[in-house]
Structure formats: C-alpha cells, structure tokens
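Structural features, examined
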Amino acid sequence: MSAQVAEEAERVDLDVLLVEDSGGDAELAIWRLTQGGFRCSYRIVAREAELREALAERIPNFILSDFSLPGFDGMAALAIATQIAPDVPFIFLSGTIGEERAIEALHRGAVDYVLKSNPMRLVPAVKRALAEAELRRASRVAERRVARLTGVLQMLSGINTAVVRIRDRSALLNEVCRLAHRLGGYHMSLIAMLDPTTRTARPVASGGLHVEATESQVFTVADSEDADTSLTSRVMRTGEAVLCDDLAQSPLPVAGRDALLASGIRSLAVLPLRVDETPVGVFMFGAVESGLVGHDELLLLHEVAANLSFALQYLDKQDAVHFLNYFDPLTGLAKRALFSERLGRLLVRGAERLPRLAVKVFDIDHLSVINDSFGRHVGDRLLQCFADRLKGHCPDTERLAHLGGGTFVHVIALGAAAEDELQALHRDVTRLFEPSFVVDGHEIAVTVKCGFACYPENGREPDQLVQNAEAALKEAKTSGEQYLHHRLEMNSSLAARVRMEHRLRTALGNDQFELHYQPKLRLQTGKIASAEALLRWRDPERGLLAPGTFLPILESAGLMPAIGAWALNKAAADCREWRRAGLPPVRIAVNISPPELRRRGFVHEVMLAVGTLADDPGWGIDIEVTEGALLGDSASCVHALRMLRTAGIRIAIDDFGTGYSSLARLSELPIDTLKIDRVFTHRIPGNLRSCKLVATIIDLAHAFDMTTVAEGVETQSQLDYLARVGCDESQGFLHSRAIPRAEFEQLLVNVDRRAALVAGFSAAEPASI
C-alpha cells in the first residue's frame, strides 16, 4: 500500500487538451500518459468553436491533436493554438499524417508528431516537449531579468547625473521617478517623504502609471508590526527594504492593493531613503509581472536609494559640489574618500567577525594611448562602458569605486586559500573585459592589471589597504606581471619611486640629462641620412639610465614639457655647433610627446629653438610624434604640425603600426616619414605576416610621397629584406647604438668608422655622408 502511495506522489500533474473526434482514441492516449507517470486532467474538443472556448477557459500544459477531423483539421487547430497559446507544446497524434505534412506541421509550430501505429513514442515525446517548453520559459525569464538589469543600470547612471545637475529637490525627485519609469522599465514609481511632526508620509513625486488611491494616500508610521497599514509605513518604521513578489497573494499590508491590481501592478519593491542613517522617505517601484525582481536587481535598487539618500542630505544646503566630492559623475561610482569610509564601516566589525577580505585595485592598460588615438571624449565614454560592465558583474556597487583615470577598486570576501582565490579573481576580471567595447563606432580591446591587498595581514585601516593594493598594482605594471599580491617590500619600491621623482625634479637644473645620437642610414647608398636624439639621465645614485627607467615617472609627474623643451633646444644647439665646426651636414630628429604638442605656444617655441637651421637644406631639426597624437580630436595638433612643416621642419610618425591609425587619414596629415616599429622589424624575414605588413606600409608610404625608416634593425637578413622591398632608411644596433655627442662627432668626421656602420652594403657603394 505504501509503495502505491509513493508512486502516486511521484506522478506529475498534467492538464491536457485533446483535439480528437474519437472518444476511444482519446481515452487510450490518456491511459498511456497515466502509465508514463502523469496524473492527467483533460478536456476533449472536436470543433473549432470548442477549441477556442477551451483555450479561453484556461491554458493547458500541452495540446494533443488528431490530424484529420470531420469539418475541422489538425493544421487549423495548430494555427489557432499558436495564435492563442504560443508557449504551449502542440503534438500531433494521428494515423493519417504523412511525412511531408508532418514536416510542414513542424515548420508551422508543432513540436512533434506521433503515429497511432507507434504509441510507445507518445510518453517520451510529451516529456521532451514539456522539458523544452520549461527551458524556453526559463530562458525568457532570464532574458527579461537581464533586460531589466540593463535598464536599472542605465537608470542608476541617469539618476547620478540628475543628482549633480538638478539642485531643486522637487525637480530632482520628479526626474528620478521619470527615469525609473523610462530607463528602469518600472510601470510605476513613487517617492513619499516623511513629515516628522505628524509621523506621516505623503507622496511627493511619481512616474509611469498614476494610481490615484496610492498617490493621494497619507501613510501613517506605526509603532509596531501589527499596527502597520502599508508597505511604506513598515519601511519607514524598520528602515529595511520590503519586496512584495505577488501583490494578489502577499500577506503584507499594502495600501490601495485593489487599485494597484486594477492598474496591472503585480509586484512592488519599497526601499528606504535615509539621511544620517535615519529613514526620511521611501522609493517605491511597481512592475506588471510577479516574482521578476531578483537578488541582483534588488542590490542595484539599494544603490539607487543610497545615492538618492546621499543627495537629499546635501540638497537642503544646495551643495551639489559637496556631492561631487564623493561620487564620480562620469562612472556613477564612489570616489576614494567615500569608498574608504564605506570600507571603514565594514572593518569596524573586526577581524574576528569578518571573513578575509581582499582589496583589488585594477587599471586599464594604455588608457592614454586610447585617449591620444581616438580623443578624450572616446576615452571618457570607454570609462563609462567599462564601469557599466563592472556594475553589471558586481551589483553591490557600494564595494566599488573609481580612483581616477583608468583605475578602479573592489573589495571582495575571500576563503582560506587566498593566493589561489586571488589568481581566480584576476582570471574573472580578465574574462569580464575580454569582449571588446564598441564606442562611437570604434572597436576597442582593453586589458587590465591588478594589485591585491588582504585584510588583516596587509593592513587593518581602509586607506592602508587601498594604498598597499595600489603599490602592488604599480609593481605589477613595472614588472610586466598581470597581477601581484602586496608584499611589505613593495612599499619600499614605492618609496624608491617617490625618491626618484624628487631627483628627477632637480636633474634638469643640475645638468644631469644628456642627448645620445643614433644614426639612420639610407639603404640605397649606405650614407648616414640623419640621426635620432635620444634622452639619457646620468643619475648620481645609479649612473647613466635609459629612458625606459625614468620616462614613465617624468610623464606621471608632468615634467615632460620641460624636458622636451630642453631636448629640442639642446639638439638644435648641437647642430649649430657642428655646422660652425665645418662638419658634414646632418638632420636630427627629436621626439615630441602629445602633451607638448598640445601646449599653447608650442610652434613658437620650436621656431625659436630651430632658428636659421630651418633655412639650411642640409642641416635641420625633424619632429617625431606617436601616431596617436595625430588621430581622433587632434585638429590643433595637426594645425601646429602643418605650420612647422611649412617652415621647413620635417615630421615623422614614430612606432607606426602599433596604435589605432586610420590609414585613410594618412594622405590628409602633414607627414614626411613613417617609422616602422621594431615589433615588426624584429619578426622579419621569418614571419610571413610581418613581411607582408612591412611591405604594405612601405608601399603605402611611397604612394603618399613619404619616406620609410625601419627601427630596431639588428641582423643582416633583416636589412637585406628591407632593401628588397624598397625601405628608404634603416636604424638599429646593426649599424650603431645611440652614442654620446663626442662619439657621434667622431663618426661624422671619421670615414673608417662610418664605413663600419654599413656592413652588408656593396663595397662599391661608398659609406659617405
């Protein structure tokens, strides 16, 4: 007896609608489904009117239909079913359906067909159809939730912008409700504010559907749960959010329930608005579907309410500037101070009550290159897209912040195996940002590096944890690692960096910088065509240093314009001295950074430095700029270079092929020379793709009457390939390293030394200047 009870309990309830004119066939089909483990309730129809009436009465779990019926056929039944109940699986059970008609039926929406001569297929077919229908339903629910999350993220961003822009409280609250409806997708939104003298709350703003019974309601805040008469009063009393998933069935106290249901509202979310941790109002969201607000969406709504609460605290003082001190208006995320404050509140609980925490600071690689290539507006939009993707992945945005530039921070709870988890966390953030961003028609791929600091071993104070994670990030960027966990010695490394920056600030006044010169040879003749001036620093502590060691610090400290001006003047002065000494003429190329190029008065400064050298065809100064400086919104840069070029100064694009160039713009830019980056030179002639790319760049440059220079030439085979494909000039260790001024002067006057540079050229071709 107990086995029969257990078997009955395991049966699946099934509501079947049979389109069948044979009662016996219908009963047999139900018997087979019962034997297959279903507990069936069923209705039988044989005519169109009966089918429509049955579907109007209630929607079944699935429809089982004969194909041939007197005065009514299965195809017509299928058409009616797909129109009225498109989500209900429709299966043909027939003895007359042919293969062609069966295929046609599948194309029109049937999920399967079973021949009455093979009834054993009926139960498996029904089970498969029901499983697929459930998968489709779950997929649609998930798609709707994703769409809602996207809308809520857009709403969050819009509200943050409104908070900064709108200073009037009433206008702000109405705009927030409008955004909740238009961007968030909520059919109703309402904000009620508390009158502390009467302990009542009244609606002050709304959006979407207007429900008179709710908008005119006065909500009394009770003293106990039993006395609550509305969700608003409960939230005001407790300070906790309330989610009502099913308005029709919920036992929660809902004021105006019948009016809300009549308007189509099926679920409500009500969140507190707080000032100084005290509830002062509520933000209510209404949706027309039951049970759709998930955990992630609720977290985002908490963030919306928290940000609006924060704004309300300062709106009374008309102090939007104060608000900006805490939130970044570009990304909508907290700034450093607010993040540290939030982290501090979390750490108050103490190590004995907290899980191990990791503070992860991560940075977009080469954001400055993207800004230079596409323009600052594209870089800003990329940061917004980056932040939106991050918020979608981490809905609890109170644990996120934007530290400035391309740097973000996130606090995460850890398990016991910290190092393994840190590696997994870095893999997660890498996978998150693997898909490219499309910004203003540009497809931009980004990579990130991470630094981690763990509580409590890497610090017990919020600022200390963030600073230590930043130190780990800087060490990762310097060492080339993708991520690093903070170690005590990293603080020493950071201190060393600060000391180096201090020494660099005094290096120019103490005459510690030098220019070394690396010659560039013309491939057709073997003659020295020109040279590039390269910066070196004779550090009192570490000796002569190449720019890779100190250039990033110069850039971050804002010292590049001063150093660039010194290098330009020094190269021009050296040229004038060589000319007075009667040395063979040579042109010198000087690298110019994008900040220098954008500086007001740059053209005038260059012309003063170059002076009469611009009038001498043999002597002169050339300008080398990165390709990103000439692209994007760079009209002022292009105009400056055109003026310099008109004055006789030649312009070269350095490291060509490594940025985000638009080749179509090359013909419009004031360019004399393309320098092929060493990344491509290094791979020739062994790498076919690099060979084709180098040959294409050379052909393209020649088509625009530009000269080509290959950088980083180190082997004879590289030189031979470049000569074959028509490259104009060569620069690299095969000929000479960058050498001090005195050695370069000797090279200019010493024929034997010049000849040593051109190994590989024909002996019949003189190695002369």
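An account of the accompanying structure is given in this report. The shown structure was predicted, so the numbers you read here are calculated from the model rather than taken from an experiment.

Before going further, it helps to examine the overall build of the protein chain. Helix and strand content of the protein chain: 28 helices and 30 strands. Among the 769 residues that make up the protein chain, the fraction classed as buried is 47%. Total accessible area on the protein chain stands at roughly 35300 Å², and carbon and sulfur atoms take up 52% of it.

Once that is clear, we can look at unusual backbone geometry. Here the bond from Tyr-455 into Pro-456 is cis, since omega is 10°, no more than 30 degrees from zero. Inspection of the secondary structure assignment puts Pro-456 in the loop between β19 (448-455) and α17 (462-479). Of note, the amide linkage connecting Ile-684 to Pro-685 takes the cis form, showing an omega dihedral of 0°. The residue Pro-685 is located in the loop between α24 (678-681) and α25 (688-703) in this model. Despite not being glycine, Asp-440 shows a phi value in the positive range, around 50°. Inspection of the secondary structure puts Asp-440 in the loop between β17 (437-439) and β18 (442-444).

Further remarks concern the nonpolar core. Residues Leu-504, Phe-513, Tyr-517, Phe-550, Ile-588, Ile-621 and Phe-744 are the most contacted members of the largest nonpolar core, which totals 77 residues. Here this core takes nine residues from helix α20 (residues 560-580), the largest share from any one element. Dropping the residues within four chain positions of it, Phe-744 is found in contact with Tyr-517, Pro-519, Ala-531, Trp-578, Val-586, Ile-588 and Ile-739. If you look at the next biggest cluster of nonpolar residues, it comprises 32 residues, including Phe-362, Leu-382, Leu-425 and Val-429.

What follows covers the packing of aromatic side chains. Per the stated rule, a full pass over the model turns up 18 aromatic pairs. Between the aromatic rings of Phe-386 and Phe-437, the centroid separation amounts to 6.3 Å while the plane-to-plane angle is 35°, which identifies the pairing as tilted. Note that Phe-386 is positioned in helix α15 (residues 376-393) and Phe-437 in strand β17, a separation of 51 residues in sequence. The exposure class assigned to Phe-386 is buried, which follows from its relative accessible area of 0%. Arranged with centres 6.2 Å apart and planes meeting at 50°, the rings of Phe-513 and Phe-550 form a pair that is tilted. Taken together, the positions of Phe-513 in strand β21 (residues 513-522) and Phe-550 in helix α19 (residues 547-556) put the pair 37 residues apart, joining distant regions of the chain. We classify Phe-513 as buried; its relative accessible area is 4%. Seen from the ring of Phe-362, Lys-360 lies directly overhead, with NZ or CZ sitting 5.1 Å from the centre. The cationic tip of Arg-389 hangs over the ring face of Phe-437; the distance from NZ or CZ to the ring centre is 3.8 Å.

Let us look at helix α22 (residues 602-610). The complete set of buried residues in α22 reads Phe-602, Val-603, Val-606, Ala-609 and Val-610. For α22, the angular spread of buried residues about the axis comes to 130°, placing them on one side. Across α22 from its buried face, at more than 90 degrees, point the exposed residues His-604 and Leu-608. Next to the buried residues of α22 lie α20, α21 (594-598), β25 (620-626) and α23 (635-646).

Moving on, we get to the side chain of Asp-328. Turning to its location among the elements, Asp-328 is positioned in the loop between α12 (320-324) and α13 (336-347). With no salt bridge to any partner, buried Asp-328 finds its closest opposite charge in Lys-335, at an N-O distance of 5.8 Å. Residues in contact with Asp-328, not counting those within four places in the same chain, are Leu-333, Lys-335 and His-402.

In this section: the sheet that holds strand β9 (residues 200-208). Reading across the sheet, the six strands line up as β10-β9-β8-β13-β12-β11 and stay open at both edges, with antiparallel pairing between neighbours. Looking at strand neighbours, the two that pair on one side only are β10 (219-220) and β11 (242-244), the edges of this open sheet. In this sheet, strand β13 (residues 278-287) lies alongside strand β12 (residues 267-275) in antiparallel orientation, the contact comprising nine bridges. By the bridge assignment, Ser-267 is partnered in β13 with Ala-287. This element, helix α7 (residues 169-182), spans β8 (188-195), β9 and β13 of the sheet and lies at about 50° to β9.

On to α20, then. With 21 residues, α20 should reach 30 Å at 1.5 Å per residue; the first-to-last C-alpha distance of 30 Å fits that figure. Among all positions of α20, only Met-560, Ile-563, Gly-564, Trp-566, Ala-567, Leu-568, Ala-571, Ala-572, Asp-574, Cys-575 and Trp-578 are buried. After α20 finishes, the residue Gly-582 shows a positive phi value of roughly 80°.

Running from N to C, helix α2 (residues 23-35) and helix α6 (residues 122-165) cross one another at 70°; their axes reach a closest spacing of 9 Å. By the criterion of interaxial angle, the relationship of α2 to α6 is roughly perpendicular. The residues of α6 that touch α2, namely those facing Ala-29, Arg-32 and Leu-33, are Leu-122, Val-123 and Val-126. The residue inventory of the contact of α2 with α6, partitioned by class, reads five nonpolar, no polar and one charged.

With burial as the criterion, each face of strand β27 (residues 673-676) is covered, one bearing Thr-673 and Lys-675 and the other bearing Leu-674 and Ile-676. Bridge analysis of strand β26 (residues 650-656) against β27 gives three bridges, and the strand direction is parallel. Bridge pairing in β27 places Phe-656 opposite Ile-676. In the sheet, β27 pairs with strand β28 (residues 707-710) via four bridges, with the strands oriented parallel. Bridge pairing in β28 places Lys-675 opposite Val-709.

Once that is clear, we can look at the sheet that holds strand β20 (residues 483-485). Overall, mixed pairing links the five strands, which are arranged β15-β16-β14-β19-β20 in an open sheet. Looking at which strands have only one partner, the edges of the open sheet turn out to be β15 (400-404) and β20. Across the sheet, the mean angle separating the axes of adjacent strands is 20° when strand polarity is ignored. Sheet contacts for α13: β14 (356-364), β15, β16 (407-414) and β19; angle to β15, the most-contacted strand, approximately 145°.

Relative to the helices and strands, Glu-134 is located in helix α6. With 47 residues separating them in the primary sequence, Glu-134 and Asp-87 have C-alpha atoms 9.5 Å apart.

Quick notes on the rules
- Residue numbers restart at each chain and count upward from 1, following the sequence in its written direction.
- Where totals are concerned, whole chains, interfaces and linings use all residues; where local detail is concerned, this predicted model gives features only for residues with pLDDT of at least 70, and gives and counts side-chain atom pairs only at 80 or more.
- Water and hydrogen atoms play no part in the side-chain values, which are based on all heavy atoms of the structure.
- Helical segments are the DSSP runs of H or I of at least four residues, strand segments are the runs of E of at least two, and each set is numbered from the N terminus.
- Under the scheme applied here, a residue whose accessible area is under 20% of the maximum for its type counts as buried, over 50% as exposed, and between as partly exposed, the area being computed with a 1.4 Å probe on protein chains only.
- All accessible areas in this document rest on Shrake-Rupley with a 1.4 Å probe, and a residue is counted as covered only by the protein chains that are shown.
- Put simply, a nonpolar core is a bunch of buried Ala, Val, Leu, Ile, Met, Phe, Trp, Tyr and Cys residues held in one set by side-chain atoms that sit within 4.5 Å of each other.
- Throughout, a contact is declared for two residues whenever any of their heavy atoms are within 4.5 Å.
- Two rings from Phe, Tyr or Trp (for Trp, the six-membered ring) form a pair when their centres are within 6.5 Å of each other. A pair whose planes differ by under 30 degrees is stacked, one over 60 is edge-to-face, and the rest are tilted.
- As a reminder, the over-ring test applies to NZ of lysine and CZ of arginine, requiring each to be within 6 Å of the ring centre and within 35 degrees of the ring normal.
- Here the arc refers to the set of directions running from the helix axis out to each C-beta atom.
- A residue counts as positive if it is Lys or Arg and as negative if it is Asp or Glu; His and the chain ends are not included.
- The salt bridge definition used is simple: a Lys or Arg side-chain nitrogen within 4 Å of an Asp or Glu carboxyl oxygen.
- Strand pairing is assigned whenever DSSP detects at least two bridges linking the two strands.
- Lines are fitted to the C-alpha atoms to define the axes, a helix being fitted only along its stretch in contact, and any angle between axes, read from their N-to-C directions, falls within 0 to 180 degrees.
- Residue count minus one, scaled by 1.5 Å, sets the expected span of a helix.
- The cut-offs work like this: below 35 degrees is roughly parallel, past 145 is roughly antiparallel, 65 to 115 is roughly perpendicular, and the gaps in between are oblique.
- Put simply, Ala, Val, Leu, Ile, Met, Phe, Trp, Tyr, Cys and Pro go in the nonpolar bin, Asp, Glu, Lys and Arg in the charged bin, and everything else, Gly too, in the polar bin.

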